[in-house]
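# Summary of the model geometry
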Amino acid sequence: MLDTLTISTQRTTAPRLPGIDFAQLEFGKTFADHMLVVDYHDGQWQEPRIVPYADMTVSPANSAIHYGQSIFEGMKAYKNQDGEVALFRPLDNFHRFNASARRMCMPELPEEVFMQGLLQLIRLDSGWVPTDPGSALYIRPFMFATDAMLGVRPSESYRFMVITCPVGLYYAKPLRVRFEEHYVRSAEGGAGAAKNAGNYGAAMYPTKLGQQEGYNQLIWTDASEHKYVEESGTMNAIFIIDGRLVTPALSSSILDGITRRSVLQLARDWGMPVEERKVSALEILEAQRNGTLQEAFGVGTAATIATIATIGYQGEDFELPTPPADAFSRRATAALAAIRKGDAPDPHGWMVRV
Ligand SMILES: *Cc1c(COP(=O)(O)O)cnc(C)c1O
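Residues numbered from 1 in each chain as written. Predicted model: local features only at pLDDT ≥ 70, side-chain atom pairs only at ≥ 80, totals over all residues. Heavy atoms only, no water.

For the protein, an unreviewed UniProt entry supplies the name branched-chain-amino-acid transaminase and the organism Hymenobacter actinosclerus. Regarding the protein, the UniProt comment filed under Cofactor (unreviewed entry) reads as follows: "pyridoxal 5'-phosphate". Turning to the protein, the UniProt record has this under Sequence similarities (unreviewed entry): "Belongs to the class-IV pyridoxal-phosphate-dependent aminotransferase family." (UniProt positions renumbered as here; feature names shortened; annotations may be inferred.)

This is the structure in structure tokens:
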């Protein structure tokens, strides 16, 4: 991509990179040396700047804090054998970010600002992209309201930022999940399809209750009947039933995950039937009982694919078989890792070189 946008860059005078132990990283706690900042006021986006990662100040009346105009994205950059860095489907994140912005009455970002900001920031901090298998530079673009004003109305000023952190192999034990039949993550017509901050805060309490009962996360069900699967925690849910890939169809209450899209594409490439439709909890339990439920997993940027081992329903636990070496989820995990690390062809043009 051409560097058509010049971004003023203030380099850190105290680089932390030499002191980082890439083998000892806790997700989301260690941040790279620089960050991107772009302010919006007077009806337009101002000059983007790259500055040293640092704390910042906001007004106590900041309207994002009070009323939640705050959205984010999650994506990753990967380093190949030759030390080249590439992003996975960044334009998909860009389009989803602007969709979230529209839903939250926030200004959309020009593609050039998002993409050039991202590329120039990652280039500057490319030393922070780890190389070990399964590792990546996690990238967090976000935008929040900055008006200092307690009236309930869309803010007139905003800040867009990108911060990044190196993350190691996300090793999760196979998950214990249970169907949630009381609380909801989001309802039809709500803001569940947007990556806005409030969705996550509101999900923490029901998730905590589930964890106190020994589950890692909840399988959210629809708000009106609690019959149909929505998502698994903060991941999209996918089931393999009798050789078919079955996943809830997208709606205003389901986040349109880029990992979900990619996994569905792989399934189609491999000639597997893909069904995007309503999936009821009872269908899943029936398939478990009659032995046709081969796999269940959550998909998202952080973990890529997280296998589900146990599904709880109304106080009873149902066990899933351990996925064999040729299970779809294991082949898809390996295929995505190979494309991201440049070890396999990229037929869909998912990787964008930094
Ligand atoms: C971000 C997110 C996902 C996964 O999206 P990816 O683009 O695959 O990372 C799924 N569900 C929710 C609620 C999310 O916030």
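Examined against the element boundaries, Thr 6 turns out to sit in the segment before β1 (8-9). Placed 346 residues apart in sequence, Thr 6 and Val 352 show a C-alpha to C-alpha distance of 19 Å. (Helix = DSSP H or I, 4+ residues; strand = E, 2+ residues; numbered from the N terminus.)

Attention now moves to unusual backbone geometry. A negative phi angle is the norm for most residues apart from glycine, just as the trans form is the norm for most peptide bonds. Of note in the backbone geometry, His 226 takes a positive phi value of approximately 55° without being a glycine. Along the chain, His 226 falls in the loop between β11 (217-221) and β12 (229-232). Owing to a relative accessible area of 18%, His 226 belongs among the buried residues under this scheme. Here the phi dihedral of Thr 304 falls at roughly 65°; this positive angle occurs in a residue that is not glycine. For Thr 304, a relative accessible area of 12% gives the class buried. (Buried < 20%, exposed > 50% of the residue type's maximum accessible area, 1.4 Å probe, protein only.)

This paragraph deals with the packing of helix α2 (residues 90-103) against helix α3 (residues 111-124). Close contact between α2 and α3 brings their axes to 10 Å; oriented N to C, the two are set at 135°. Taken together, α2 and α3 sit at an angle that is classed as oblique. The way α2 lies across α3 gives a crossing that is right-handed. Touching Pro 90, Leu 91, Asn 93, Phe 94 and Phe 97 of α2 are Glu 111, Phe 114, Met 115 and Leu 118, all from α3. Taken together, the residues of the contact of α2 with α3 sort by class into seven nonpolar, one polar and one charged. (Axes fitted to C-alpha atoms, helices over the stretch in contact; angles between N-to-C directions. Parallel < 35°, antiparallel > 145°, perpendicular 65-115°, else oblique. Left-handed = near helix turned anticlockwise from the far one by under 90°. Contact = heavy atoms within 4.5 Å. Nonpolar A, V, L, I, M, F, W, Y, C, P; charged D, E, K, R; others polar.)

All right, on to the side chain of Thr 310 then. Relative to the elements of secondary structure, Thr 310 occurs in strand β17 (residues 304-313). At 2.9 Å, the side chain of Thr 310 forms a polar contact with the side chain of Glu 319. Here Thr 310 is in contact with Leu 175, Arg 176, Val 177, Asp 317, Phe 318 and Glu 319, once residues within four sequence places are set aside. (Polar contact = N/O pair within 3.5 Å; in protein donor to acceptor, adjacent residues only side chain to side chain.)

Examined against the element boundaries, Arg 340 turns out to sit in helix α7 (residues 328-340). No salt bridge is formed by the buried Arg 340. Its closest oppositely charged neighbour is Asp 346, at 9.5 Å. One polar contact links Arg 340 to Thr 304, side chain to side chain, over a distance of 3.1 Å. For Arg 340, the contacting residues outside a window of four places in its chain are Tyr 78, Phe 88, Thr 304 and Met 351. (Lys, Arg positive; Asp, Glu negative; His and termini not counted. Salt bridge = Lys/Arg side-chain N within 4 Å of Asp/Glu carboxyl O.)

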